[in-house]
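Each chain is listed here by its residues.
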Amino acid sequence: MSAASEKNAAIGRAEQILYKTYNRFPVIFDHGKGVHLYDTEGNEYLDFGAGIAVVGLGYGDPEYTAALEVQAGKLLHISNLFYNQPAIDAGEKLLKAAQMDRVFFTNSGTEAIEGALKIAKRYAYNRDGHGGHEIIAMKHSFHGRSLGALSVTGNDHYQEPFAPLLPGIRFAQFNDLDSVKALVNEKTCAVILETIQGEGGIYPAEKGFLQGVRELCDEHDMLLILDEIQCGMGRSGDMFAWQGYGVKPDVMTVAKALGNGVPIGAFLACGAAATAMVPGDHGTTYGGNPFVCAAAAKVLEIFENRDIVDHVRRIGGYLWDRLEELKGRHDCIADHRGKGLIQGLEFHGPVSGIVRKALLEQQLVLISAGANIIRFVPPLVITEEDVDVMIEKLEKVL
Ligand SMILES: *Cc1c(COP(=O)(O)O)cnc(C)c1O
């Protein structure tokens, strides 16, 4: 059988067995190197999606891979009934980068959100001696697919089939402080938002908005939860996007690039939020196991040693300029937003055709964020040359 017919047969089998919650592109990726992916037919693709903002260090980084190999040979899992050294190392590095007090490791971003919501509820319960509190979230947000995370995801289309969800969630308009103020009452215990909205279409929070929400939270003793799952870990040009605003959350969630492909997330807390939950309140079997924490510890070490954040700042500026030029040349582009290596181009119509054509004809991996928006979330280690190649390929498609 030719490679192409083998691929088609494999895709046929996949369509028989995998639960159909995705419309996948007809490509089977086999391996990656740096910022390139290779399919089973030997084609090379330039990757500007990084597995949805996950593979920050690119594919097959030798130092990262060696750390996984060493840990795989020593100990994968032991449960949280015991201590393990990689979790201590990863936790210390992460807390130092965030200047926060406590960390809990999870298996995904969604689970980090679940933990953050539980902190908010527990914090208010400790204070008031009863439950029944409310949380303010944002329209067009995305926080994950489990029932708690879905409850704070401001997307009717995602929510409707699974109602009723968590009670007491109210939705404000992102970047509209008055709309948040209007929802605050004596029951409100937290405000949750993405510092830069990702899935909703790459909308950075405005400085005045974020500062205003912080002040509002302080005034009413509510926790500020910032979801940095997509925009964190250097992607915005700061280690965590809020650091570029001078606004510090009480609770932060991270995941995606934290493990560089190994499934790990975390919620971090500071001040009184860091001690709100007590033994018995929360747990996980896999979360923070030695294997995933060895990966995260190595990622954080590489971030420091190679000054990844500084690189993102520089290359993000270059990407910004090139996309601005592109926008100037093409009337089909309606808007350009973002920061660092999380940028988006909004078109006047749906982009699924552009994304598909880029992939299949130009061997360029692009992903969308909503119907009309292409999202640029490449590996953080891309070079100016990679940006130039991407622009050239994208321009052919446009
Ligand atoms: C991806 C994402 C999540 C969910 O993370 P999973 O690892 O898919 O569970 C939550 N919040 C934001 C902002 C995300 O981008």
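Anything mentioned here points back to the structure above.
Looking only at helices and strands, one finds 13 helices and 17 strands in the protein. Seen along its three principal axes, the alpha-carbon backbone of the protein occupies a region of about 65 × 55 × 45 Å. A buried classification covers 51% of the 398 residues belonging to the protein. Taking contacts inside the protein between residues at least 6 apart in sequence as the whole, the part at least 24 apart equals 70%. A total accessible area of about 18,000 Å² is found for the protein, and carbon and sulfur atoms account for 52% of it. Measuring between centres, the 37 positive side-chain charges of the protein sit 2 Å from its 51 negative side-chain charges.

Near the ligand the following residues occur: S108, G109, T110, F142, H143, E194, D227, I229, Q230 and K256. In the model, an oxygen atom of the ligand is placed 2.8 Å from a nitrogen or oxygen of the Q230 side chain. Here the shell around the ligand is built from residues that sort into two nonpolar, five polar and three charged.

The subject of this paragraph is the pairing of strand β14 (residues 342–347). Counting buried positions along β14 gives five out of six residues, so the element sits mostly inside the fold. The antiparallel pairing of strand β13 (residues 333–339) with β14 creates a hairpin that spans two residues between the two strands, and G340 there sits at a positive phi of about 55°. Examined bridge by bridge, β14 and strand β17 (residues 373–376) share four bridges and lie antiparallel to one another. Across the sheet, the residue bridging to Q343 is F376, located in β17.

Below, the discussion takes up unusual backbone geometry. A cis amide bond, omega 0°, links A163 with the succeeding residue P164. For P164, the location among the structural elements is in the loop between α7 (156–159) and β6 (169–172). Even without glycine at this site, D221 takes up a positive phi of about 50°. With respect to the element layout, D221 can be found in the loop between α9 (207–219) and β10 (223–227). Taking the relative accessible area as the measure of exposure, D221 reaches 31% and is therefore partly exposed. Non-glycine residue N260 carries a positive phi angle of around 55°. Mapping N260 onto the fold places it in the loop between β11 (251–254) and β12 (265–269). Accessibility expressed as a relative area gives 5% for N260, which makes it buried.

Further remarks concern the packing of helix α4 (residues 85–98) against helix α10 (residues 290–305). In contact at an axis separation of 8 Å, α4 and α10 are set at 40° when each is read in the N-to-C sense. As judged from the angle between their axes, α4 and α10 are oblique. Crossing of α4 against α10: the hand is left-handed. Listed contacts from α10 to P86, A87, D89, A90, K93, L94 and K96 of α4 are P290, C293, A294, A296, A297, L300, E301 and E304. Among the residues forming the contact of α4 with α10, the class breakdown is 10 nonpolar, no polar and five charged.

Before going further, it helps to spend a moment on the sheet that holds strand β3 (residues 44–47). Reading across the sheet, the four strands line up as β1-β2-β3-β15 and stay open at both edges, with mixed pairing between neighbours. Pairing within the sheet leaves two strands with one partner each, and these edge strands are β1 (29–33) and β15 (364–365). Alignment of strand β2 (residues 36–39) against β3, held across three bridges, turns out to be antiparallel. Counted as the bridge partner of H36 is L46 from β3.

Cut-off values and rules
- Residues numbered from 1 in each chain as written.
- Predicted model: local features only at pLDDT ≥ 70, side-chain atom pairs only at ≥ 80, totals over all residues.
- Heavy atoms only, no water.
- Helix = DSSP H or I, 4+ residues; strand = E, 2+ residues; numbered from the N terminus.
- Buried < 20%, exposed > 50% of the residue type's maximum accessible area, 1.4 Å probe, protein only.
- Contact = heavy atoms within 4.5 Å.
- Areas by Shrake-Rupley, 256 points an atom, 1.4 Å probe, with all protein chains shown as cover.
- Lys, Arg positive; Asp, Glu negative; His and termini not counted.
- Charge placed at Lys NZ, Arg CZ, Asp CG, Glu CD.
- Near = heavy atom within 4 Å.
- Polar contact = N/O pair within 3.5 Å; in protein donor to acceptor, adjacent residues only side chain to side chain.
- Nonpolar A, V, L, I, M, F, W, Y, C, P; charged D, E, K, R; others polar.
- Pairing = 2+ DSSP bridges.
- Axes fitted to C-alpha atoms, helices over the stretch in contact; angles between N-to-C directions.
- Parallel < 35°, antiparallel > 145°, perpendicular 65-115°, else oblique.
- Left-handed = near helix turned anticlockwise from the far one by under 90°.

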